[in-house]
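A look at the structure
Here is how the chains run, residue by residue.
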Amino acid sequence: MNSAFWTNTIWYLILGVLIIFEIVYIMGKVKRRGQTFAFYLTILGIALYFETIILVFLKAYTYYPKILHNLQNPFHDVIAGSLFSQFSVAATIVLVVVLNLNYYWYFLVAGIYGLIEELFLALGIYTHNWYQTWMTLVLVTLSFYISKIMYSKVRRELMPNSYYGYIYLGLFPLHNVFFTWVFMLTTYLDFSSTLLNDPISSQFFIAWVIFNLLAISSILVYFLKFKSTWKAMVIILNYMVYYIGYKLDLILIKEGWFLIVSTGAIFWMYISVVIMDRLYQQKSNS
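Residues numbered from 1 in each chain as written. Predicted model: local features only at pLDDT ≥ 70, side-chain atom pairs only at ≥ 80, totals over all residues. Heavy atoms only, no water.

A look at the packing of aromatic side chains
All told, the structure shown has 31 aromatic pairs when counted by the stated rule. Plain terms: the ring middles of Y12 and F120 are 5.2 Å apart, the flat faces sit at 70° to each other, and that makes the pair edge-to-face. Of this pair, Y12 sits in helix α1 (residues 3-29) while F120 sits in helix α4 (residues 104-123), and the two are 108 residues apart along the sequence. Under the relative-accessibility criterion, F120 is labelled buried at 9%. Consider the rings of Y61 and Y131, whose centres lie 4.9 Å apart with planes at 90°: the pair is edge-to-face. With Y61 in strand β1 (residues 61-63) and Y131 in the loop between β2 (126-128) and α5 (133-156), the pair connects residues that are 70 residues apart, well separated along the chain. The buried category is assigned to Y131, whose relative accessible area is 5%. Ring-pair connections join several aromatic residues into one group, and the members of that group are Y163, Y164, Y166, Y222, F223, Y270 and Y280. Lying across the ring of Y222, K225 places its NZ or CZ 5.2 Å from the centre. K254 extends its terminal NZ or CZ atom over the ring of Y188, reaching a point 4.4 Å from the ring centre. (Phe/Tyr/Trp six-rings, centres within 6.5 Å; stacked < 30°, edge-to-face > 60°. Helix = DSSP H or I, 4+ residues; strand = E, 2+ residues; numbered from the N terminus. Buried < 20%, exposed > 50% of the residue type's maximum accessible area, 1.4 Å probe, protein only. Lys NZ or Arg CZ within 6 Å of the ring centre and 35° of its normal.)

Some thoughts on the pattern of salt bridges
Where charged atoms from two side chains of opposite charge come close, those side chains can pair. Applying the stated criterion to the full structure yields 1 salt bridge. Between K59 and D198 there is a salt bridge, with its nearest N and O atoms 2.8 Å apart. A residue pair is termed long-range when its members are at least 10 positions apart, and K59 in the loop between α2 (33-57) and β1 and D198 in the loop between β3 (189-191) and α7 (199-223) qualify at 139 residues. Judged by relative accessible area, which is 29%, K59 ranks as partly exposed. (Salt bridge = Lys/Arg side-chain N within 4 Å of Asp/Glu carboxyl O.)

So, to be careful, I would describe these as geometric facts and stop short of saying anything about function.
Written out as C-alpha cells, the structure reads:
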C-alpha cells in the first residue's frame, strides 16, 4: 500500500467514518428522516457553495488527501479533500440543530473543528494560503445559528420562494458532486481551462453556469407544472446550451458521448428536483 495512505489518506477516511456515524445517528433520532436528509443536502449545498468560492476562486487553502493525486488534473485530489471536510461540517451542523443542543455546544463544537484543522495543518495534509483557523471558529459558530433558524422554518412550513431556495441548494451536491464531478473524474466530461486566466477557476466557473441554467429551468418546469409543449421547449433549450458549449469548446465531452452526457445531465437534474421535493414532503408515521 502506498505510504501516502498512512500519512495522508487515513486521516480523511477517519473523517469519512465519523460522517457516516453522524448521519446514521441523526436518522435514528428523528421521525421525519426524509425531510431531515433533505435538510442535510440543503446545508451541504450551502457549505459546498461557500467552499467553491473560497477554495476554487479565492485559493484560501489546499487539501492533500492523496486519493486522486495521480490523475491528469491533480486538483481533483483537492476536491476530494474538500468533500470530506464539507460533508463532515454539514453533518455536524444538522446533528447539533436537529438535537436542539444548547448554545454553548455551538462554541464547543466549533472549537473541536478548530483543533481538527490545526491537527491537519500539523500533519501537513492541509495548508492555509491566506485563510486562518480563527475564521473556521467564527464561520462554524455562525452556521449553527443560521441553520437553527432554517430548520425551524422547515419544521413549520416553508413559503414557496424559500422552499425553492432550499431545493436549489440541495441540488448543488446532488448534481455537481454525484454527476458533474464523477463524469469529470472519468474524463468523459470537462470544461475549458482557458475562458478565465486561472485554469481551475475557468473550469469550475463554466460548470457553475451550466449548473444554474439546468437547476433553475428544472425547478421552474417541475413546480410551475408546465404543459408538455413548454417542457419539451425547455429540454430542447438545455440541449442547445450543451451543444453550443460543446461546439465552442467550453464544454469538453469525449467523442461519441455527447448525447449520453448531455441527456444524463439534463434528466439527472430534473430527477434531483423530484428527489428533493419528495424528501422534504415526507412526513413521519406518527
